[in-house]
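A closer look at the structure
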Amino acid sequence: MTAVEDRPATAGPAKEVGQARARKEDARLITGRTAWTDNMVLPGMLHLAVVRSPVAHAKLLSVDVEAARSAPNVVAVFTGRDLAEEQGSIPCAWPVTDTMVNPGHPSVAVDEVNHVGEAVAVIVARSKTAAQDAVELVDVDYDPLPVVLDMEQALADGAALTHDHVSTNESFRWIFESGEAGTGGSTDEAFAGAEVVVSRRFVQQRLIPAFMEPRSTVVQPQGDNFTMWSSTQVPHILRIMLAMTTGIPEHKLRVIAPDVGGGFGGKLQVTPEEVLTLLVAKRLGKPVKWTETRSESLMSAHHGRDQVQFIDIAADRDGTVRGLKVHLLADMGAYLRLVTPGVPILGAFMFPAIYKFPAYRFDCQGVFTNKTPTDAYRGAGRPEATFAIERIMDELAVELGMDPLELRRKNWIRAEEFPFTTVAGLEYDSGDYEQATRQALELLGYDELREEQRRRRESGDPVQLGIGFSTFTEMCGLAPSRVLGSLSYGAGGWEHASIRMLPTGKVEVVTGSTPHGQGHETAWSQLVADELGVPFEDVEVLHGDTAISPRGMDTYGSRSLVVGGAAVVNAAQKVVAKARTVAAHLLEASEDDLQFEGGTFSVRGTPGSGVSIQEIALATFAAHNFPDGVEPSIDADATFDPVNFSFPHGTHVCAMEVDTETGMVTIRKYACVDDVGTIVNPLIVEGQIHGGLAQGIAQALYEEAVYDDDGNLTTGTFVDYLVPSAADLPHFDTGNTVHAAPGNPIGAKGVGEAGCIASTPAVVNAALDAVRHLGVSDILMPLTPERVWRALHQGGDGGDRAPAGTNAYGGAQTETTAGVSTPESRLGGDR
Amino acid sequence: MIPAAFDYARPTTVDEALQALAAGGEDAKVLAGGQSLIPVMRLRLAAPSMVVDLTRVTELRGVREEGGDDGALVIGAMTTHSDVVSDPLIAQHAPLIAQATETVADRQVRHRGTFGGALAHADPAGDLPAVALALDAEFVLAGPGGRRTVPAREFFVDYLTTALAEDELLVEVRVPKLAGQWGMHYEKFNRVAQAWSIVAVAAAVRREDGHIAEARIGLTNMGPTPLRATASEQALAGAVAGADAVAEAGPARRRGNLAQRRPQRQGRLPCASRPGAHPPGGQRSGRSPDVGVSRATRELVHRPGSRRRGVAGAARHRADRPLHARRRPGLGHR
Ligand SMILES: Cc1cc2nc3c(=O)[nH]c(=O)nc-3n(C[C@H](O)[C@H](O)[C@H](O)COP(=O)(O)OP(=O)(O)OC[C@H]3O[C@@H](n4cnc5c(N)ncnc54)[C@H](O)[C@@H]3O)c2cc1C
Ligand SMILES: Cc1cc2nc3c(=O)[nH]c(=O)nc-3n(C[C@H](O)[C@H](O)[C@H](O)COP(=O)(O)OP(=O)(O)OC[C@H]3O[C@@H](n4cnc5c(N)ncnc54)[C@H](O)[C@@H]3O)c2cc1C
């Protein structure tokens, strides 16, 4: 207690919140000295290998597994027919309309395959090698059906069908009209009265989440109980869904997500392979492991984006926006997975962005194609919306002859107008777009770059310079359960936390937000250290195991700190309240006379008195001297369900060099200022922004999942699916403004997706700004040198990429893909 | 990611290696650094019955000089890319090789991948074939009947196809020393650090009295084999060493350069390179050789000697013609 006495009353201990603490989980994550699922070895464990369809659409005439069954060390082989009774359908938790068509999603195909990579049989063997060898021995007879790949063709009359047993390729049509919702005027009237209308068609290419750790699942049966380890973002959701899908009672199933090496939405899923591993373990009564290869991952783990966006914007000549119309075609792929149809709907409310549109219409069709299903990918719906609005604002500016920033400024919500209810019905919480923009321009060195751009234009430099903006906002902290309910989402959005005070004064924090690399352990420790006044090092954060963390909604949608962190803070405050009662008893004082500071309760005006919360933990454990009628525990639980989303915003500015001779684009400078509310840990915020920027820039410049005419993924390896490395990215000049979020006790808004949502349009706008004077008004993403060159020298938007991949691993030089090689892809597309 | 089973031999001399290769028959494969072979085996796009591993054949490693100033550098086939990058003889006599090798993949790959393996693999997108061609290297092949020497122009026969017979080994590559005042540069055009060349140009220019006395230009990934830009070379010869001559020699000579494409000899060619298809690197793709040639040579005129390029990362690879074709979801069918 002496330390407490000596401390001058004024200088409290340094606050943890706001400190750039190095992440406590990183040493083990970076060195790999931890329990990844694939590291698990159990006695007698068997290994799964999945036989996958090489055709995009076909009837299964026969699946002959006899040779595989008798191969050395093979224990069993199961086909769709063998598991048809038990496997149910992969659940879709988001039926966005009452009439949504869901064709059902068997984990292993029974009668029909609907995309390349779909499981047709599983091999179970004593070693991974034996299982893999036997894959070659399965003989499948496919009767090909027409392949549906293009959304616009899929919706045309007389189009071939993605599923033989479903009479349409349209899964749903979801419409929002501000005139009808009462959140704004009639869109048709607004357009009729406007002086200018600009219409564009944008394409959100298909992306692959490409998390670093491939998926892996281990299941151990024990009596009628099952424990599943899986590399998942959502152990809690997985447990419920597996119970509902397989009929294994929920209380007989424990799901553990050990350390997980990334997800980006790609592991927000109930995967066919998780179901299969569980069913096989149940059948055989033995532990079973499945770990995918990178090729399987790229081909069969769900993809993201893939929308065609028809955007119309109406405005007056002075730049005042009058209305916005959005017609989306969203590619579901072949099946509906966990939130497949919900992803475009998450974007529905974000197209109006930070602008004061008086009228808004959103009309979305979910379309089936014979491709890998799509689902959440970092940002899920919001990057698509942000891209469309930030691109169309530039197009409108060009049409009006206005500076793109002036146009934005004229229409955005002003700082004094918060909270502001948008035409989509959302109430934006706080922010200052002007301030963020001003700071971002300074960080970029805007004026000099504009000057250089002018010089290069005048001199006809082969390397042109452009500057692009994205003044974005997003809705995150996926939470308000009632709102999710009103959108027909199958679950709530609350989050749970509990705090256990151990006898030695150490603290266990149990969180329902299961991290997969974000740094929750560090941020939560900082929050608890402040609330309880205990050292950062004395806090341990537990997560990811349904037996340890019984309630939770896991990590996605930039919700963890905003919802899960808030639950932790609330639980900590409950602990302090309980401890106060005990402290009053021990100090023989009234609770009202106690102050709590730096972890110690003391009687106001009585220096030297005091008992720390860590001492109270021991006293509670002993419970020898406890207030009457009070149960001997100061542990506490909290469940937090905010009433609104939170709305981070920011201004991202990209300066881009475009080499007009080669079509090569190079980011010259990138500056962004984000408002993510209160910053708990600047290092983590910076890290999340950097990672997000990398992914958003990658959509603009590098990544695209390409299918050939037969439905083969020709970007099936990292040779063809270009994920950038640090060497390919520029330095990022980042900054923050801080407007605390009013909706949670921390004031945080969420940062997990911001960089990814904001950056893509800034990059594309910058490239277009560099070459617009040369007659280019759009280039399809990603901006490959080939596309940029073609747009410059042949006009148009650069055109589709050749389906042929590189000839790496035979990817392009196959009978099929060589046959479709175009003049543009002679040696394999954009290698 | 588990290859099919195969037999394995690890000889310690060239003779033993040749015997193992002969014993293995037509499905035997030589393993050098494994950076091209092992990935295709793991994907089961190749399934050799026998793998002859050269890593213990020490006589194939290292760089030595032969003859005097007009002699040659002799680079052992098993010399790794990283040894090439740091070799003093190469730095002195053929810096172009070191410069191009530095753009190959990443440090890890360069520690295992070999000079000979990259040339024997003959990937037209590989960086070393065009360099070997530009430097008029000679390839020493050993077979059951002894050794023979093949000039670079004859070594690269077709897409992933060389003059090596099934029972032959590439043992060393002789690079003639260049006399006079040479500048060399390798210009690589790729999308991300890990990616292979979309196109690249290897250029070497000898200057005399402010004029270009001789130019040698090799082109990467503009055809099924590496190419020499002979027409540009001729246009440069005798010109004043300056940007103008370079600008002239690039675009004006495109047709001539492309006419240097080797006649197609055998096998089914990738569609793109079939006779009658558009000329590789032609006008429609943005994969324009002109720009590359101008830039590579412009670089030389301005800054003779070799410019170091940042370390290029890696993650890309390509297949041998698969030995055993199988249908493979996600990799296209065969
Ligand atoms: C339906 C849906 C599914 C998605 N699925 C995923 C996904 O599964 N995986 C994925 O990577 N992406 C996913 N996204 C995208 C999103 O990128 C993730 O949610 C994000 O990666 C991490 O989420 P989070 O909830 O932890 O984010 P946040 O709560 O924004 O936090 C990210 C990390 O930063 C820290 N942090 C946040 N704000 C602060 C602050 N103010 N001060 C200090 N630290 C802070 C947090 O402690 C946390 O560790 C999804 C989006 C949607 C809409
Ligand atoms: C990630 C990655 C990125 C890469 N990026 C690039 C790049 O940017 N540029 C580039 O040029 N290369 C690149 N490479 C390829 C690299 O240069 C390899 O080293 C080279 O292609 C093969 O060399 P190796 O020694 O590994 O040969 P191996 O893979 O062992 O063999 C390749 C082929 O050559 C045959 N072979 C090998 N040695 C002999 C011999 N002595 N005699 C007869 N036949 C032989 C083998 O049988 C096999 O068919 C990359 C490789 C990787 C893995």
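Owing to the predicted nature of the structure, the values given are computational and were not obtained by experimental measurement. (Residues numbered from 1 in each chain as written. Chains lettered and ligands numbered in written order. Predicted model: local features only at pLDDT ≥ 70, side-chain atom pairs only at ≥ 80, totals over all residues. Heavy atoms only, no water.)

Residues and elements named next belong to chain B. Evaluated as defined, the whole model comprises 70 salt bridges over all chains. Arg 228 is the salt-bridge partner of Glu 233, the closest N and O atoms lying 2.6 Å from each other. As far as the burial class goes, Glu 233 and Arg 228 line up, both buried. One network of salt bridges, in which partners are shared, links Asp 136, Arg 206, Glu 208, Glu 214, Arg 216, Arg 228 and Glu 233. (Salt bridge = Lys/Arg side-chain N within 4 Å of Asp/Glu carboxyl O. Buried < 20%, exposed > 50% of the residue type's maximum accessible area, 1.4 Å probe, protein only.)

What follows covers the side chain of Ser 602 of chain A. With respect to the helices and strands, Ser 602 of chain A occurs in strand β23 (residues 600-603). With residues up to four places along the chain from it excluded, the contact list for Ser 602 of chain A reads Leu 587, Asp 593, Leu 594, Gln 595, Ser 609 and Gly 610 of chain A. (Helix = DSSP H or I, 4+ residues; strand = E, 2+ residues; numbered from the N terminus. Contact = heavy atoms within 4.5 Å.)

All names here are of chain B. By nearness alone, 34 residues border ligand 2, and Val 30, Gly 34, Gln 35, Thr 114 and Asp 127 come closest of all. At 2.7 Å, a backbone N or O of Asp 127 approaches an oxygen atom of ligand 2. When isolated, ligand 2 has an accessible area of 970 Å², and the protein chains bury 95% of it. Residue assignment for the shell around ligand 2 shows that the elements contributing at least two residues are β2 (28-31), α7 (115-121) and β10 (169-176). Broken down by element, the shell around ligand 2 gets its largest block of residues, four residues, from α7. Among the residues forming the shell around ligand 2, the class breakdown is 17 nonpolar, 12 polar and five charged. (Near = heavy atom within 4 Å. Polar contact = N/O pair within 3.5 Å; in protein donor to acceptor, adjacent residues only side chain to side chain. Areas by Shrake-Rupley, 256 points an atom, 1.4 Å probe, with all protein chains shown as cover. Nonpolar A, V, L, I, M, F, W, Y, C, P; charged D, E, K, R; others polar.)

Residue and element names in this part refer to chain A. As a packed pair, helix α18 (residues 520-532) and helix α19 (residues 560-587) sit with axes 9 Å apart at the nearest point and diverge in direction by 30°. When the interaxial angle is binned, α18 and α19 end up roughly parallel. At the point where α18 passes α19, the crossing takes the right-handed sense. Of α19, the residues touching α18 (which contributes His 520, Trp 524, Leu 527, Val 528, Glu 531 and Leu 532) are Ser 560, Leu 561, Gly 564, Gly 565, Val 568, Val 569, Ala 572, Gln 573, Val 575 and Val 576. (Axes fitted to C-alpha atoms, helices over the stretch in contact; angles between N-to-C directions. Parallel < 35°, antiparallel > 145°, perpendicular 65-115°, else oblique. Left-handed = near helix turned anticlockwise from the far one by under 90°.)

Turning next to the domain arrangement of chain A. Residues and elements named next belong to chain A. We note that the domain assignment places domain 1 (9-33 + 494-640) and domain 2 (429-478 + 644-825) within chain A. The straight-line distance from the C-alpha centre of domain 1 to that of domain 2 is 41 Å. Across the contact, 26 residues belong to domain 1 and 22 residues belong to domain 2. For the pairing of domain 1 and domain 2, the buried interface totals around 1600 Å² over both sides, and the portion due to carbon and sulfur atoms is 67%. For the interface between domain 1 and domain 2, the tally reads five residue pairs in polar contact (both at pLDDT 80 or more). (Domains from an automatic or database assignment. Buried area = accessible area lost by both parts, 1.4 Å probe.)

The next point concerns the sheet that holds strand β12 (residues 288-291) of chain A. Hydrogen bonding along the main chain pairs the strands of a sheet, whether they run parallel or antiparallel. All names here are of chain A. The seven strands are arranged β3-β5-β1-β12-β9-β10-β11 in an open sheet whose pairing can be described as mixed. A single partner strand is all that each edge strand has here, and the edge strands are β3 (74-79) and β11 (253-256). Here the strands of the sheet are splayed against their neighbours by 20° on average, with no regard to which way each runs. Summarising the sheet, β3 and strand β5 (residues 119-125) pair through five bridges and their orientation is antiparallel. Considered in β5, the bridge of Ala 76 is made with Val 124. Docked against the sheet, helix α4 (residues 80-87) engages β3 and β5, running at close to 70° with respect to β3. In this fold helix α9 (residues 235-246) packs onto β10 (225-230) and β11, with an angle of close to 150° to the strand it touches most, β11. (Pairing = 2+ DSSP bridges.)

Below, the discussion takes up the environment of Val 197 of chain A. Residue and element names in this part refer to chain A. Tracing the backbone shows Val 197 in strand β8 (residues 196-207). For the pair Val 197 and Ile 313, spaced 116 residues apart in sequence, the C-alpha to C-alpha distance is 5.5 Å. In this structure Val 197 touches Phe 191, Ile 313 and Ala 314, once residues within four positions along its chain are discounted.

Take the nonpolar core next. All names here are of chain A. With 144 residues, the main nonpolar core has Trp 174, Phe 351, Phe 362, Tyr 670 and Leu 701 as its most contacted residues. It is helix α22 (residues 754-771) that provides the largest number of residues to this core, a total of 11 residues. In this structure, this core is formed jointly by two domains, domain 1 (9-33 + 494-640) and domain 2 (429-478 + 644-825), each of which donates at least three residues. Listed in part, the 45 residues of the second largest apolar core include Val 562, Ala 572, Phe 601 and Ile 746. (Core = buried A, V, L, I, M, F, W, Y, C linked by side-chain atoms within 4.5 Å.)

Further remarks concern the packing of α4 of chain A against helix α10 (residues 272-284) of chain A. Residue and element names in this part refer to chain A. In contact at an axis separation of 11 Å, α4 and α10 are set at 95° when each is read in the N-to-C sense. The angle between α4 and α10 falls in the class roughly perpendicular. The segment α4 lies against α10, with Asp 82, Leu 83, Glu 86 and Gln 87 engaging Val 275, Leu 276, Leu 279 and Arg 283. Looking at the contact of α4 with α10 residue by residue, the classes come out as four nonpolar, one polar and three charged.

With that settled, the discussion passes to unusual backbone geometry. All names here are of chain A. Cis geometry is found at the peptide bond from Phe 418 to Pro 419, where omega equals -10°. Between Met 781 and Pro 782 the backbone carries a cis peptide bond, its omega angle lying at -10°. Look at Asp 306: it is not a glycine, yet its phi comes out positive at around 70°. For Asp 306, the position within the fold is in strand β13 (residues 304-315). Judged by its relative accessible area of 10%, Asp 306 falls in the buried class. Unlike most non-glycine residues, Ser 558 shows phi in positive territory, near 50°. Relative to the elements of secondary structure, Ser 558 occurs in the loop between β21 (539-542) and α19. On the basis of relative accessibility, which here comes to 11%, the residue Ser 558 falls in the buried class.

Residue and element names in this part refer to chain A. Every one of the 36 residues lining ligand 1 counts as a neighbour, but Gln 233, Thr 678, Val 680, Val 751 and Glu 753 are closest to it. Here Ser 558 contributes a backbone N or O atom positioned 2.8 Å from an oxygen atom of ligand 1. Val 751 places a main-chain nitrogen or oxygen 2.5 Å from an oxygen atom of ligand 1. The fraction of the free accessible surface of ligand 1 (900 Å²) that becomes covered by protein chains is 99%. Of all the secondary-structure elements, those providing two or more residues to the shell around ligand 1 are α18, α19 and α21 (682-701). The residue inventory of the shell around ligand 1, partitioned by class, reads 15 nonpolar, 17 polar and four charged. A domain split of the shell around ligand 1 shows at least three residues from each of domain 1 (9-33 + 494-640) and domain 2 (429-478 + 644-825).

The next thing to look at is the environment of Gly 557 of chain A. All names here are of chain A. Mapped onto the elements, Gly 557 comes out in the loop between β21 and α19. With 113 residues separating them in the primary sequence, Gly 557 and Tyr 670 have C-alpha atoms 24 Å apart. Ignoring anything within four residues of it in the chain, the contact list for Gly 557 reads Arg 382, Cys 476, Gly 477, Leu 478 and Glu 753.

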